[in-house]
Amino acid sequence: MDFTPKDPDFEARVRASFARQPMMETLGATMTDVRPGTVTIVSTIPPGTLQQQGSTHAGLAFSIGDSAAGYAASSLLPTGNEIVTSEMKIHLLAPGRGERLVATGRVIRPGRRLTIVEADVWSETAGARTLIAKLMGTMVPVPLVEPTT
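Predicted, not measured: the structure shown is a model, and the values here were computed from it.

Chemist: Even after reading the chapter, I still don't get the packing of aromatic side chains, so can you show me in this structure?
Modeler: Two aromatic rings, taken as a pair, are described by how far apart their centres are and by the angle between their planes. Evaluated as defined, the whole model comprises 1 aromatic pair. Look at F18 and Y71: their rings are 6.0 Å apart centre to centre, the planes differ by 70 degrees, and that puts the pair in the edge-to-face class. Here the residue F18 occupies a position in helix α1 (residues 10-19), and Y71 occupies one in helix α3 (residues 58-74), the gap between them amounting to 53 residues. Using a relative accessible area of 7% as the deciding quantity, one classes Y71 as buried.

Take a look at the structure:
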């Protein structure tokens, strides 16, 4: 879908917000693509994110999928607003094994009070991709609160 952002500087705003998330840095995640209504986040698979069977823990897939979907929603907001997750469902489809995870979040339906989003999370090894998770959820716009630290 093609969406028109309400903020002409949406990309800089979204990237600045992402940069304020220490959690994403901890997970080895970077934002690689920002377009109106679509955001891609890529993560290495740090050793501390593995589960007992050697696959990526679902928490890593959920974290980057949720953030990609949330920032996709945020890209359509006017200045002075951000997004918080109201609810998010995840379907785990395959073990997360490989060199990195790639999450692409998309807006399904934007709204003033609720925005419906989805995200696909892929594992990649040597260019081969496996869809490991599908997320769908609801985001809520809130006024921007500047960090206190």
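Chemist: How do you make sense of α3 when you look at a structure like this?
Modeler: Along an α-helix, residues three or four apart share an orientation, since each turn contains 3.6 residues. With 17 residues, α3 ought to run about 24 Å at 1.5 Å a step, and its terminal C-alpha atoms sit 24 Å apart, in line with that. In terms of residue burial, α3 counts as a mostly covered element, since 14 of its 17 residues are buried.

Chemist: Got a minute to help me understand the pattern of salt bridges in this structure?
Modeler: A side chain with one charge can pair with a side chain of the opposite charge if their charged atoms come near. Following the criterion strictly, the structure yields 10 salt bridges and no others. Of the charged contacts in the structure, one is a salt bridge between R20 and E82, with a shortest N-O distance of 3.3 Å. Linking R20 in the loop between α1 and α2 (22-26) with E82 in strand β3 (residues 81-92), this pair joins segments that are 62 residues apart in sequence.

Chemist: I tried to follow the sheet that holds strand β6 (residues 128-143) on my own but got confused; where do I start?
Modeler: One key point about sheets: their strands pair by backbone hydrogen bonds, in either a parallel or an antiparallel sense. One open sheet holds the 6 strands; their spatial order is β1-β2-β4-β5-β6-β3, and the pairing between them is antiparallel. Strand pairing shows two members of the sheet lacking a second neighbour, β1 (29-35) and β3, which therefore form its edges. Ignoring strand direction, the axes of neighbouring strands in this sheet form an average angle of 25 degrees. Pairing analysis gives 7 bridges linking strand β2 (residues 38-44) to strand β4 (residues 100-109), with the strands arranged antiparallel. When the bridges of β4 are listed, T40 appears paired with T104. Contacting β1, β2 and β3, α1 runs over the sheet at an angle of about 165 degrees to β1.

The rules we used
Per chain, the residues get numbers from 1 upward, laid out in the order the sequence is written. In view of the model being predicted, local features appear only for residues whose pLDDT reaches at least 70, and side-chain atom pairs are presented and counted only at 80 or more, with totals across whole chains, interfaces and linings using the full set of residues. The basis for the side-chain values is all heavy atoms of the structure; hydrogens and waters are excluded. Put simply, two rings from Phe, Tyr or Trp (the six-membered ring, in Trp's case) pair if the centres are within 6.5 Å, and we call them stacked under 30 degrees between planes, edge-to-face over 60, tilted for the rest. Helix and strand definitions here come from DSSP, where helices need a minimum of 4 consecutive H or I residues and strands a minimum of 2 consecutive E residues; each element is numbered from the N-terminal end. Here's how the labels work: a residue is buried when its accessible area is under 20% of the maximum for its type, exposed when over 50%, partly exposed in between, all with a 1.4 Å probe on protein chains only. Under the convention used throughout, the expected extent of a helix is 1.5 Å for every residue step, that is, one less than its residue count. For this document, the term salt bridge refers to a Lys or Arg side-chain nitrogen within 4 Å of an Asp or Glu carboxyl oxygen. Two strands make a pair as long as DSSP finds a minimum of two bridges between them. Here an angle of 0 to 180 degrees is reported between the N-to-C directions of two axes, which are lines fitted to C-alpha atoms, with helices fitted over the stretch in contact. Contacts were defined at the residue level, with two residues in contact if any of their heavy atoms lie within 4.5 Å.

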